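# Descriptive structure summary
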Amino acid sequence: MNAIVESITKEYNNHILEVSTSQNETYLTVKKEIIMKMCDHLYHHLDIPLVCIFATDERKEEGSFKIHYVFSVDREDAFIILRIDIDGKNPRYPSITNKVAAANWYEREIQDMFGLIPVGHPDPRRLMNFEDWPAGVHPLRKDFDIKTKPPRIKGEYAYRRVEGEGVYEIPVGPVHAGVIEPGHFRFSVAGEPIINLEIRHFYTHKGVEKLFENISLDKAVFLAERISGDNSVAHAVAFCQAMEKIAGMDIPPRAKHIRTILLELERIYNHIGDIAGIATDVAFSFGAAHANKLKEDVLQLNERITGSRLLRGMNTIGGVRRDIGSKKDEILVSLSVIQRDFRKLMGLLFSTPSLMDRIETTGRIYNDIAKGLHVVGPVGRASGIDRDTRRDHPYAAYREFNFKVPVSKAGDVHARTIIRGDEVCESIALIEQALWSLPEGEIRIKADDIPDGNALGYCEAPRGETIYWIRTCGNKIERCKVRDPSFCNWLSIEYAVLDNIVPDFPIINKSLSLSYSGNDM
Amino acid sequence: MTVEDEIEIMGQRLNDKIRKIFGRSLHIREVDAGSCNACEVEVNSLSNPIYDIERFGLHIVASPRHADMLLVTGPVTRNMELALLKTYNATPAPKLVAAMGSCACNGGIFADTYASMGGVDKVIPVDVYIPGCPPRPQAVIFGLMVAIGKLEQKIRKTEVRS
């Protein structure tokens, strides 16, 4: 870690204003003119992924806005955070999207939420504030009251236009045919193959980050659970870990094991649900029925051990709220049955020619695209990106267990299905290890007062790397940045569908398993 | 009583009601007006082989134009308000609206923000509220049963008037 920071400070010595370190986070305050060059250097030359960009409004304390660029040094379990100051009176800063494509949506998000303009951004359209929002509404600025209801004005979103002989558009959404979340897809098609797809999201934008600043700490965990419903545990754990890091708290080992079990149960039902979705979308109802039944088995197991089918209400700052140690035998027995049935199911799916025909070579995301957009989670791993927060930045009790991180290079729907299948088996093995070695003792420690400070919380959700950055002040949350894995992965769908036929879109979409709510917040 | 037994009993009662009022089946269009997707997980569960609501005469359809009932989730975000209104207007009368989940009932934890309308009944009329975060599939089935009873009342009222 020191070696990397040293080499950067040596190279950019004149441009670095301040260096500070807290635990595994190194903050470098740099001049804004150099930011594009530095990000490019870190991202492309040192191969350190950019996992999040966010802004903070510190006009009251320091008279400026700040933008943070979070890089994850996976090999050394560390984070480098570059920070630039932006004058409140002239809120402009250089965009890095032209060099680092992964910055695209972050910069547009900051533009809407804080009114900071990324100069030179190739696509400066609005993202969260739709065109019917008046100009100058920037909800995450400190002087914006959360209860303000901005009036509607006239305005229309400009889609990219594709022209040519026989090219037509298919608009889909936001209210879809299936039971899924709202979002708009606009296909440009010539015959059957898709030649362009433009997604437009943020229909479910609820103002979560602003809400974090306006609720008490005990409620904040519940809010984190409701950012992306099927990733409730992952969000709650990432949130709690950030708070515990600020407080310098080490939670009891028993709580760490229970968190690990909950996280893996969540991964199991999500992955089985995604596999069911793929079987449904290729009209293989027999396989889908089996997979859906298995998913229901896991949901009922969840309910029996925690009281919530989606494992909600279990996590809290300082540990977990309910002990599941007494249900050990029940969990082990249920999981062994689920594992037996799941193996049979995967055998059935992969020996069905009508299914294989639809998923092989479909919806390819090539490694360079995946790297450029910073695609995370099983989708990234299916495109050859060997990253997993559980292994690279161990948290909860993952340091103590053995597990494999399956990786494939094919990048198609088939590869993503295989990766999910392998991960389910790994998850079951992880739960067994956690249960067999469950330590005795407390399950939570008291956490009434959280000191002022800031820290990163991170977690490998079923969809991939989830990042929280929290700053506390006076036992309240001053700023909470949430980065759901879907925020990184959504843009990859525009590439995955190219040259595929329209009827394959639902399969590709399902195989990427994207959350709209986690993305829009 | 196991989950399966509960479902059988409730399902049969529901089926009898649907048969009496609609002749055969009730068509539902699910609308996500900004939920966190937990309610969608449970709506999808309704169609799995354990609950399998189709066998009781409940059918989830692709378009509001085919629907007797809208099952709305989420606090209704500002960005979804117009889409929800359009969906409501596209549903033929007599229609039912069920608000599913705490957010849909009164905005839930998201009620007080710049981007949330704070509940489905702020935008369209609601017949039945199904609380829960998310409601269990059993609760959803019970809620649908109450909603159908309400439609029965609605139809009777119009008959008395005419």
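What you see is a predicted model; the values in this text were computed from it and never measured.

Turning our eyes to something else, we now look at the overall build of chain B. Helix and strand counts for chain B stand at 5 helices and 5 strands. Secondary structure elements of chain B occur, N-terminal to C-terminal, as α-β-α-β-β-α-β-α-β-α. Computed over C-alpha atoms, the radius of gyration of chain B comes to 15 Å, within 12% of the 15 Å expected from 2.2 N^0.38 for 162 residues, which places it in the range of a compact globule. With the C-alpha coordinates aligned to their principal axes, the bounding extent of chain B is approximately 45 × 45 × 25 Å. A total of 162 residues make up chain B; the buried ones form 54% of that total. A fraction of 80% describes how many contacts in chain B between residues 6 or more apart in sequence connect residues 24 or more apart.

Attention now goes to the domain arrangement of chain A. Split into domains, chain A comes out as domain 1 (2-119), domain 2 (167-200) and domain 3 (208-510). Look at where the C-alpha atoms of domain 1 of chain A and domain 2 of chain A centre, and you get two points 35 Å apart.

For interface size, the figure often reported is the accessible area lost on association. Contacts between the two partners involve 35 residues from chain B, matched on the other side by 39 residues from chain A. When residues of the side of chain B that touches chain A are traced back to their parent elements, those giving at least two are strand 1 (26-32), helix 2 (38-46) and helix 3 (81-90) of chain B. Looking at which element gives the most residues to the side of chain B that touches chain A, the answer is helix 2 of chain B, with 6 residues. Here the residues of the side of chain B that touches chain A sort into 18 nonpolar, 12 polar and 5 charged.

In a beta sheet, neighbouring strands are held together by backbone hydrogen bonds and run either parallel or antiparallel to one another. All names here are of chain A. Taken in spatial order, the 3 strands line up as 13-14-15 in an open sheet, and their pairing is antiparallel. Either end of the sheet is taken by a strand with one partner, and the two such strands are strand 13 (453-461) and strand 15 (476-483). Across the sheet, the mean angle from the axis of one strand to that of its neighbour is 15 degrees, orientation sign disregarded. The sheet contact formed by strand 14 (residues 464-473) and strand 15 spans 7 bridges and is antiparallel.

Further remarks concern the packing of helix 7 (residues 232-247) of chain A against helix 8 (residues 253-281) of chain A. The relative placement of two packed helices comes down to the angle between their axes together with the axis-to-axis distance. Residues and elements named next belong to chain A. Running from N to C, helix 7 and helix 8 point in directions that differ by 145 degrees, and their axes come no closer than 8 Å. The segment helix 7 lies against helix 8, with Val 233, Ala 234 and Val 237 engaging Arg 259, Leu 262, Leu 263 and Glu 266. Looking at side-chain class alone, the contact of helix 7 with helix 8 contains 5 nonpolar, no polar and 2 charged residues.

What follows is about the packing of helix 10 (residues 328-350) of chain A against helix 15 (residues 413-436) of chain A. Residue and element names in this part refer to chain A. Where helix 10 meets helix 15, the axes come as close as 11 Å, and the angle between the chain directions of the two elements is 165 degrees. Here helix 15 runs roughly antiparallel to helix 10, going by the angle between their axes. Handedness of the helix 10/helix 15 crossing: left-handed. Side by side, helix 10 and helix 15 meet where Lys 328, Ile 331, Leu 332, Leu 335, Gln 339, Phe 342 and Met 346 of the first sit next to Gly 421, Val 424, Cys 425, Ile 428, Ile 431, Glu 432 and Leu 435 of the second.

Residues and elements named next belong to chain B. With 20 residues, helix 1 (residues 3-22) extends 27 Å from end C-alpha to end C-alpha; this agrees with the ideal 28 Å at 1.5 Å per step. Along helix 1, the residues classified as buried are Ile 7, Gly 11, Leu 14, Lys 17 and Ile 18. Projected down its long axis, helix 1 carries its buried residues within an arc of 130 degrees, all on one side. Every exposed residue of helix 1 that faces more than 90 degrees away from the buried side is listed here: Asp 5, Ile 9, Gln 12 and Lys 20.

Take helix 2 (residues 35-45) of chain A next. Residues and elements named next belong to chain A. Within helix 2 the residues assigned to the buried category are Ile 35, Met 38, Cys 39, Leu 42 and Tyr 43. The buried residues of helix 2 occupy an angular sector of 120 degrees when the element is viewed end-on, so they sit on one face. One or two steps after helix 2, the chain reaches Asp 47, where phi turns positive at roughly 60 degrees.

Okay, the nonpolar core next. Of all hydrophobic cores here, the largest spans 199 residues; its most connected members are A:Phe71, A:Phe239, A:Ile272, A:Tyr468, B:Val72 and B:Ala98. Sort the elements by how many residues they give to this core and helix 8 of chain A lands first, with 13 residues. Filtering out sequence-adjacent residues up to four positions away, A:Phe239 remains in contact with A:Ala220, A:Val221, A:Ala224, A:Gly457 and A:Tyr468.

Glancing now at the sheet that holds strand 9 (residues 184-190) of chain A. Residues and elements named next belong to chain A. Read from one edge of the open sheet, 3 strands run 8-9-10, paired in antiparallel fashion. Pairing within the sheet leaves two strands with one partner each, and these edge strands are strand 8 (167-172) and strand 10 (194-200). With strand direction ignored, the average angle separating the axes of adjacent strands in the sheet is 15 degrees. Pairing between strand 9 and strand 10: 6 bridges, direction antiparallel. Its bridge partner being in strand 10, Val 189 is matched across the sheet by Ile 194.

Let's shift gears to the pairing of strand 15 of chain A. The buried count for strand 15 of chain A comes to 6 of 8 residues, which makes it a mostly enclosed element. The hairpin turn running from strand 14 of chain A into strand 15 of chain A, its antiparallel successor, is 2 residues long, and A:Gly474 in that turn takes a positive phi close to 60 degrees.

Let us look at the environment of B:Ala139. All names here are of chain B. Its location among the elements puts Ala 139 in helix 5 (residues 137-161). On the basis of neighbour counts, which here come to 17 C-beta atoms within 10 Å, the residue Ala 139 falls in the partly exposed class. Taking the C-alpha atoms as reference, Ala 139 lies 18 Å from Val 31; in sequence the two are 108 residues apart. Setting aside residues up to four positions removed in sequence, Ala 139 forms contacts with Ile 130 and Gly 132.

Calculation notes
Residues numbered from 1 in each chain as written. Chains lettered and ligands numbered in written order. Predicted model: local features only at pLDDT ≥ 70, side-chain atom pairs only at ≥ 80, totals over all residues. Helix = DSSP H or I, 4+ residues; strand = E, 2+ residues; numbered from the N terminus. Rg over C-alpha atoms; globule rule 2.2 N^0.38 Å. Buried ≥ 20, exposed ≤ 12 C-beta atoms within 10 Å, placed from the backbone. Contact = placed C-beta atoms within 7 Å. Domains from an automatic or database assignment. Nonpolar A, V, L, I, M, F, W, Y, C, P; charged D, E, K, R; others polar. Pairing = 2+ DSSP bridges. Axes fitted to C-alpha atoms, helices over the stretch in contact; angles between N-to-C directions. Parallel < 35°, antiparallel > 145°, perpendicular 65-115°, else oblique. Left-handed = near helix turned anticlockwise from the far one by under 90°. Expected span 1.5 Å × (residues − 1). Arc of directions from axis to C-beta. Core = buried A, V, L, I, M, F, W, Y, C linked by C-beta atoms within 7 Å.

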